[in-house]
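Report on the structure
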Amino acid sequence: WNMLSFLIITLIANGYLLVQHNTKCLFAFIPLLFILCLLTGFVQLRSKSIRLRICYHGLTMLRIFVFSAILSTAYHIVLLFILLPQRFMMLIWSVVFCICVEAIVFWTGIICVYATSVQLGIKYRVIGALCGMIPIVNLIILKKIIFIVRDEVDFEYKKELVDRSREQDKLCQTKY
């Protein structure tokens, strides 16, 4: 599911040329992006904790953002050589369209992670906010945020699975 979401989001982000030739595609792209931004990652984790599921959703969206941004950058570099110099404005609009879609994916992820992660702490939230507009540094901080949240989700979900498996044993049941 996450791989399919990644592929669809990457297609939408780089779909400006398709939208330009057939504007009806936009009516499919917008609801599809909205649905993916709401459900990706949220439905995979079978946790009882809504907080943990939202945190995992944010983590998944940030991962999709990173890999989609890498592919989108490569795509637009290739497009640069194909469209220049005759269709300069088409390239510019494609880049703007891509940035808007990627921004939606990023902000969906970062808001979910900032709102639900316990391990992230105030330190990385502030560093992430301050370094968000500094190229290269923002990618390093994003990588650190992704690793912290990934470890948190893994640890808490494994702990929840252990608790579920021990529930049948009634280890904490008192004599009375």
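Below is a summary of the structure that appears in this document. (Residues numbered from 1 in each chain as written. Predicted model: local features only at pLDDT ≥ 70, side-chain atom pairs only at ≥ 80, totals over all residues. Heavy atoms only, no water.)

1. Let's talk about the overall build of the protein
Our working definition: Runs of E in the DSSP output that reach at least two residues are strands. Runs of H or I that reach at least four are helices, and both are numbered from the N terminus. The globule rule used for comparison is 2.2 Å times the number of residues to the exponent 0.38, while the radius of gyration itself is calculated over C-alpha atoms. Partly exposed describes any residue whose relative accessible area lies between the buried limit of under 20% and the exposed limit of over 50%, with all areas from a 1.4 Å probe on protein chains only and scaled to the type maximum. Any two residues whose heavy atoms approach within 4.5 Å are treated as being in contact. What sets the accessible areas is the Shrake-Rupley method with a 1.4 Å probe; for residues, cover comes only from the shown protein chains. As used throughout, the charge tally considers Lys and Arg to be positive and Asp and Glu to be negative, leaving His and the chain termini uncounted. Just so you know, the charge point we use is NZ for Lys, CZ for Arg, CG for Asp and CD for Glu.
Of regular secondary structure, the protein possesses seven helices and zero strands. Listing each helix as α and each strand as β along the protein from the N terminus yields α-α-α-α-α-α-α. A globule of 176 residues ought to have a C-alpha radius of gyration of about 16 Å, yet the protein, at 20 Å, is considerably larger. Projected onto the principal axes, the alpha-carbon positions of the protein cover approximately 85 × 35 × 20 Å. Buried residues in the protein amount to 39% of all 176 residues. A separation of at least 24 residues holds for 70% of the contacts in the protein among residues at least 6 apart in sequence. As presented, the protein carries roughly 11,200 Å² of accessible surface, and 73% of it is formed by carbon and sulfur atoms. Taking the average place of the 18 positive charges on the side chains of the protein and the average place of its 9 negative ones, the gap between the two points comes to 4 Å.

2. With respect to the packing of aromatic side chains
To keep things clear, this is the line we draw: Ring geometry is summarised as follows: Phe, Tyr and Trp rings, the Trp one being its six-membered ring, pair when their centres sit within 6.5 Å, and such pairs are stacked at plane angles under 30 degrees, edge-to-face over 60 and tilted between the two.
Evaluation of the coordinates by the stated rule reveals three aromatic pairs. Look at Tyr16 and Phe97: their rings are 6.0 Å apart centre to centre, the planes differ by 50°, and that puts the pair in the tilted class. Placement of the pair is Tyr16 in helix 2 (residues 16–21) and Phe97 in helix 5 (residues 88–116), with a sequence separation of 81 residues. In terms of burial, Tyr16 and Phe97 fall into one category: buried.

3. Describing the packing of helix 4 (residues 50–83) against helix 5
Under the convention used in this document: As a rule, the C-alpha atoms of each element are fitted with a line to give its axis, helices using only the stretch in contact, and angles between N-to-C directions run from 0 to 180 degrees. Roughly parallel here means an angle under 35 degrees, roughly antiparallel means over 145, roughly perpendicular means 65 to 115, and every remaining angle is called oblique. By definition, any crossing whose near helix is turned counterclockwise from its far helix by less than a right angle is left-handed, and any crossing with a clockwise turn is right-handed. We call Asp, Glu, Lys and Arg charged. Ala, Val, Leu, Ile, Met, Phe, Trp, Tyr, Cys and Pro are nonpolar, and the rest, Gly among them, are polar.
The N-to-C vectors of helix 4 and helix 5 enclose an angle of 165°; their axes lie 7 Å apart at closest approach. The pairing of helix 4 with helix 5 is recorded here as roughly antiparallel in orientation. Helix 4 and helix 5 meet at a crossing whose hand is left-handed. By residue class, the composition of the contact of helix 4 with helix 5 is 22 nonpolar, nine polar and two charged.

4. As for helix 6 (residues 121–131)
For clarity, the cut-off: Our arc is simply the arc of the directions from the helix axis toward the C-beta atoms.
Taken residue by residue, helix 6 has Tyr124, Arg125, Gly128 and Cys131 as its buried positions. For helix 6, the arc enclosing every buried residue in end-on projection is 150°, short of the 170-degree limit, so these residues lie on one face. Exposed and oriented more than 90 degrees from the buried face of helix 6 are Ile122, Lys123, Ala129 and Leu130.

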